[in-house]
Amino acid sequence: MEYIVSARKYRPLSFDTVVGQAALTTTLKNAVKSGKLAHAYLFCGPRGVGKTTCARIFAKAINCQHPTAEGEACNECESCQSFNEQRSLNIFELDAASNNSVEHIKTLMEQTRIPPQLGRYKVFIIDEVHMLSTAAFNAFLKTLEEPPAHVIFILATTEKHKILPTILSRCQIYDFERMTIRNTIDHLKHVAEQEGITYEEQALAVIAEKADGGMRDALSIFDQAASFCQGNITYEKVIEDLNVLDSENYFKIIDLAIDNKVSDIMVLLNGVINKGFDGGLLIQGLAKHVRNVLMARDPQTLPLLEVSDQMRARYEEQAKKCQITFLYDALKLMNQCDINYRQSSNKRLLVELTLIEIAQITQPAEDGASAGRKPRRLKSLFKNMIQQQKPKNAAPQVAAAKVAVSAAAAVTAEATGETQTAGSTVSEANTTSKPKLSLGGIGFSWKKLRQQDNGPQKGGMQIIPGSINMPTGQDTITDAQFTQTDLEFQWMAMCNRMPQKLSGIATRMKNMNPEITEFPTVEVVVDNELIKQEIEDIQKSIAKTLQIYLHNDQIQITVRVAEQTEHVKILSRREQFEQMAEKNAAVAKLQQAFDLELA
Ligand SMILES: [Zn+2]
């Protein structure tokens with residue numbers, strides 16, 4: 001028995017069996033029904049989507065002696081049979097990709113002069129028409145400008161932009177769409193069932209994806225897989241045969257990344273690379289995967305996923321586990337990796353770093369910043385360096401103490417695997433009368449403070465390594481006096497130190513005027529309930545910070561919403577002046593006396 005490739009065996013013979021081009025085939029059927037035909041058609045679209053097939057079906061239909069009411073060929077009349085048996089004299093095909101000389105075209109154009117003996121039209125199909133040489137093009141153009149009544153040209157191209165306007169303007173243009181994965185899978189299923197081949201849908205999805213929108217390619221890969229799998233197409237065999245990376249890897253990496261399991265990801269990456277896969281391709285595939293997970297988060301974008309139903313369910317499931325910020329950040333990191341990949345001299349390291357960073361996106365940050373992007377160990381090193389640089393004007397014994405702090409912090413970091421937050425500034429503050437703060441100075445962990453708020457408190461100052469490890473407890477001033485100016489200074493410094501995550505509220509706080517109401521109680525007046533809530537969420541942290549920096553652990557923070565009249569108005573310069581003048585008559589007098597005007 002002769003083996004016929006599926007692409008040929010299952011080539012559609014009617015418009016209705018053409019896959020994935022419904023709108024276009026309907027228009028062509030209508031043309032057949034109405035008999036209103038153009039002299040030239042241009043079929044554009046990617047390879048393997050059915051351009052030539054449709055051209056042949058169209059040629060058959062317009063020559064059919066008894067077309068159906070739907071505009072399909074009857075497949076029974078003499079003309080149809082000659083077409084189906086490929087002995088029709090009314091169809092000419094030229095592949096311009098291989099026959100693009102002027103002689104080829106001239107020979108073909110001679111055929112246009114002779115009217116058909118059977119049927120009404122001679123159909124000339126010129127495939128890859130953009131490949132014709134200039135001379136051939138000109139020879140063709142002559143006929144196209146004044147075609148005989150019985151001639152119909154169907155030009156096909158994958159590169160519409162290369163077609164000259166003189167041709168475009170003489171053609172009815174049809175744009176073929178690339179096959180969707182869904183369409184391809186369905187068609188492959190149909191073929192498999194006809195052939196008695198068993199399959200896993202996921203395997204067909206891999207084939208469809210590999211074919212990238214071309215049905216002819218899909219069918220050819222299908223044939224290859226069917227023979228490789230000996231009639232039972234399984235996912236496992238297909239990915240092996242096609243050298244496709246198992247998408248299971250992507251699901252695993254994301255699952256591990258959510259759990260911050262860096263080492264497991266490194267082991268997985270090693271396995272993938274050992275199988276001969278390129279790390280860069282892994283990142284590209286993972287980016288595609290994350291994009292799919294992102295799409296799966298929203299019911300609106302879920303249908304955009306071009307995957308099998310089974311996979312869609314899996315994406316949906318993973319999407320439920322992923323924060324949207326995690327997905328965005330991961331995409332950004334992978335995009336950066338992709339950009340740098342080609343120039344990188346150590347590609348594997350780049351891939352590893354990218355995966356490490358992705359695995360740390362959701363890692364609770366130890367300094368309270370929202371995203372633990374940097375490896376923890378790097379962070380702790382960095383902090384220790386800052387701690388050592390910190391004291392410019394501290395007393396010698398303080399400097400000595402600080403080394404101890406750094407060492408202690410480093411030891412603790414080693415032991416617990418956690419970075420100690422930098423708090424040495426405070427310890428240092430404890431021994432000097434007034435801490436000198438640089439605004440860029442590092443604060444302590446808001447996050448930990450908040451965790452402490454929730455959990456049982458012991459000593460209340462664990463966040464500061466020095467308070468545990470250094471003998472500062474005895475001489476720490478805990479009820480120091482401070483002025484409104486001190487308060488405002490420390491308030492502003494605190495706002496500047498607040499982590500990025502809290503930058504919104506930090507900006508608002510800078511515009512607030514904390515006041516000492518009944519020493520040492522500090523009152524914060526806010527504009528509305530919402531802001532009050534936000535402040536209250538971090539109220540304890542604020543209090544602790546002020547207690548430490550103002551050396552008074554009695555400090556309490558109260559928050560209240562401003563009365564209507566209290567709202568701080570944003571005053572224009574004139575209003576400011578008028579207010580001043582109102583409060584102080586001398587100001588008004590001054591203005592009158594010198595006849596001043598506001599600049
Ligand atoms: Zn017919």
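Residues numbered from 1 in each chain as written. Predicted model: local features only at pLDDT ≥ 70, side-chain atom pairs only at ≥ 80, totals over all residues. Heavy atoms only, no water.

Naming follows an unreviewed UniProt entry, where the protein chain appears as DNA polymerase III subunit gamma/tau of Xylanibacter ruminicola. The UniProt entry for the protein chain carries the following text under Sequence similarities (unreviewed entry): "Belongs to the DnaX/STICHEL family." According to the UniProt record, the Function (unreviewed entry) comment for the protein chain is "DNA polymerase III is a complex, multichain enzyme responsible for most of the replicative synthesis in bacteria. This DNA polymerase also exhibits 3' to 5' exonuclease activity." (UniProt positions renumbered as here; feature names shortened; annotations may be inferred.)

Observations concerning helix α2 (residues 22-34)
The end-to-end C-alpha distance of α2 is 18 Å, a good match for the 18 Å that 13 residues give at a rise of 1.5 Å each. Of all the positions in α2, only Leu24, Thr25, Leu28, Lys29, Ala31 and Val32 are classed as buried. The buried residues of α2 occupy an angular sector of 155° when the element is viewed end-on, so they sit on one face. Projecting away from the buried face of α2 at angles above 90 degrees are the exposed residues Ala22 and Ala23. Where α2 is buried, its residues touch β1 (40-44), α3 (51-63) and β5 (172-175). (Helix = DSSP H or I, 4+ residues; strand = E, 2+ residues; numbered from the N terminus. Expected span 1.5 Å × (residues − 1). Buried < 20%, exposed > 50% of the residue type's maximum accessible area, 1.4 Å probe, protein only. Arc of directions from axis to C-beta. Contact = heavy atoms within 4.5 Å.)

A word on the coordination of the zinc ion
Protein coordination at the zinc ion comes from Cys64 (SG), Cys74 (SG), Cys77 (SG) and Cys80 (SG), with a distance range of 2.1 to 2.3 Å. Given four donor atoms and angles of 100 to 122° at the metal, the environment of the zinc ion is assigned as tetrahedral. In primary-sequence terms, the residues that donate to the zinc ion follow C-x9-C-x2-C-x2-C. A residue is classified by how much of its surface remains accessible, and cysteine 80, at 0% relative accessible area, is buried. (Donors = N, O, S within 2.8 Å, 3.2 Å for Na, K, Ca; no water. Tetrahedral: all angles 85-135°; square planar, octahedral: opposite > 155°, others 65-115°.)

Digging into the packing of aromatic side chains
Applying the stated criterion to the full structure yields nine aromatic pairs. Centroid distance phenylalanine 43 to tyrosine 174: 5.6 Å. Interplanar angle 80°. Geometry classified as edge-to-face. With a gap of 131 residues between them, phenylalanine 43 in strand β1 and tyrosine 174 in strand β5 connect regions that are remote in the sequence. In this structure tyrosine 174 comes out as buried when scored by relative accessible area, which is 9%. Look at phenylalanine 140 and phenylalanine 153: their rings are 5.1 Å apart centre to centre, the planes differ by 90°, and that puts the pair in the edge-to-face class. Of this pair, phenylalanine 140 sits in helix α6 (residues 134-145) while phenylalanine 153 sits in strand β4 (residues 151-157), and the two are 13 residues apart along the sequence. In this structure phenylalanine 153 comes out as buried when scored by relative accessible area, which is 0%. By way of ring pairs, the aromatic residues Tyr41, Phe43, Phe58, Tyr174 and Phe176 are connected into one cluster. Here arginine 314 stacks its cationic end above the ring of phenylalanine 251, 4.0 Å away from the centre of that ring. Positioned over the ring face of tyrosine 341 is lysine 347, at 5.3 Å from the centre of the ring. (Phe/Tyr/Trp six-rings, centres within 6.5 Å; stacked < 30°, edge-to-face > 60°. Lys NZ or Arg CZ within 6 Å of the ring centre and 35° of its normal.)

Looking at the pattern of salt bridges
Applying the stated criterion to the full structure yields 23 salt bridges. For the salt bridge of glutamate 195 with lysine 9, the shortest nitrogen-to-oxygen distance reads 2.8 Å. In this pair, glutamate 195 sits in helix α8 (residues 181-195) while lysine 9 sits in helix α1 (residues 6-9), placing the two residues 186 residues apart along the sequence. Classification of glutamate 195 as partly exposed rests on a relative accessible area of 33%. Classification of lysine 9 by relative accessible area gives partly exposed; the value is 42%. Close ionic contact of arginine 182 with aspartate 186 constitutes a salt bridge, the shortest N to O distance being 3.1 Å. (Salt bridge = Lys/Arg side-chain N within 4 Å of Asp/Glu carboxyl O.)

Examining the nonpolar core
In this structure, Phe43, Phe58, Ile154, Ile207, Phe222, Ile233 and Val238 are the most contacted members of the largest nonpolar core, which totals 60 residues. Structurally, this core is a two-domain feature, drawing no fewer than three residues from each of domain 1 (6-175) and domain 2 (181-242). Ignoring sequence-local partners within four residues, the contact set of phenylalanine 222 consists of Ser6, Leu188, Val191, Ala192, Ile197, Leu204, Ile207 and Ile233. Judged by nonpolar contacts, the second largest core, of 41 residues, contains Val272, Cys322, Leu327 and Cys337. (Core = buried A, V, L, I, M, F, W, Y, C linked by side-chain atoms within 4.5 Å. Domains from an automatic or database assignment.)

What to know about the environment of isoleucine 152
Tracing the sequence through the fold places isoleucine 152 in strand β4. The spacing of isoleucine 152 and valine 123 is 29 residues in sequence and 4.9 Å in space, taken between C-alpha atoms. Sequence-distant contacts of isoleucine 152, that is, excluding residues within four places in its chain, are made with Leu37, Ala38, His39, Tyr41, Ile62, Tyr121, Lys122, Val123 and Phe124.

With respect to the environment of cysteine 322
Of note, cysteine 322 is situated in the loop between α15 (309-321) and α16 (324-341). Residue cysteine 322 is classed as buried on the basis of its relative accessible area of 4%. As for cysteine 322 and arginine 297, which are separated by 25 residues in sequence, their C-alpha atoms are 8.7 Å apart.

Overview of the environment of glutamate 128
Secondary-structure assignment places glutamate 128 in the loop between β3 (122-127) and α6. Along the sequence, glutamate 128 and serine 98 sit 30 residues apart, while their C-alpha atoms lie 9.3 Å from each other. Once you skip the residues sitting within four places of it in the chain, glutamate 128 turns out to touch Asp95, Ala96, Ala97, Ala156, Thr157 and Thr158. Within the local environment of glutamate 128, its side chain forms a polar contact with the side chain of threonine 158, the two groups lying 3.2 Å apart. (Polar contact = N/O pair within 3.5 Å; in protein donor to acceptor, adjacent residues only side chain to side chain.)

Describing the pairing of strand β2 (residues 91-95)
Only one face of β2 is buried, namely the one carrying Phe92 and Leu94, since none of Ile91, Glu93 and Asp95 on the opposite face is buried. As defined by bridge partners, β2 adjoins β3 across five bridges and the pair is classed as parallel. Bridged to glutamate 93 within β3 is isoleucine 125. Traced from β2 through helix α5 (residues 102-111) to β3, the parallel crossover comes out right-handed. (Pairing = 2+ DSSP bridges. Right-handed = clockwise from strand over helix to strand, strands pointing away.)

Remarks on unusual backbone geometry
Glycine aside, the phi torsion of most residues is negative, and most peptide linkages are trans. For the peptide bond that leads from phenylalanine 519 to proline 520, omega is -5°, which places it in the cis range. Structurally, the position occupied by proline 520 is in the loop between β8 (515-516) and β9 (521-526). Phi is positive for asparagine 243, which is not a glycine, with a value near 55°. Relative to the helices and strands, asparagine 243 resides in the loop between α11 (235-241) and α12 (248-258). Take asparagine 243: its relative accessible area is 51%, and that puts it in the exposed class. For histidine 551, which is not a glycine, the phi torsion comes out positive at approximately 55°.

Re the packing of helix α23 (residues 484-497) against helix α24 (residues 503-510)
Remark: α23 packs on α24, axes separated minimally by 9 Å, with the N-to-C direction vectors making an angle of 160°. Relative to α24, the element α23 is oriented roughly antiparallel. For α23 against α24, the interelement crossing comes out left-handed. On α24, the residues that touch Trp491, Met492, Met494, Cys495 and Asn496 of α23 are Ala506, Met509 and Lys510. (Axes fitted to C-alpha atoms, helices over the stretch in contact; angles between N-to-C directions. Parallel < 35°, antiparallel > 145°, perpendicular 65-115°, else oblique. Left-handed = near helix turned anticlockwise from the far one by under 90°.)

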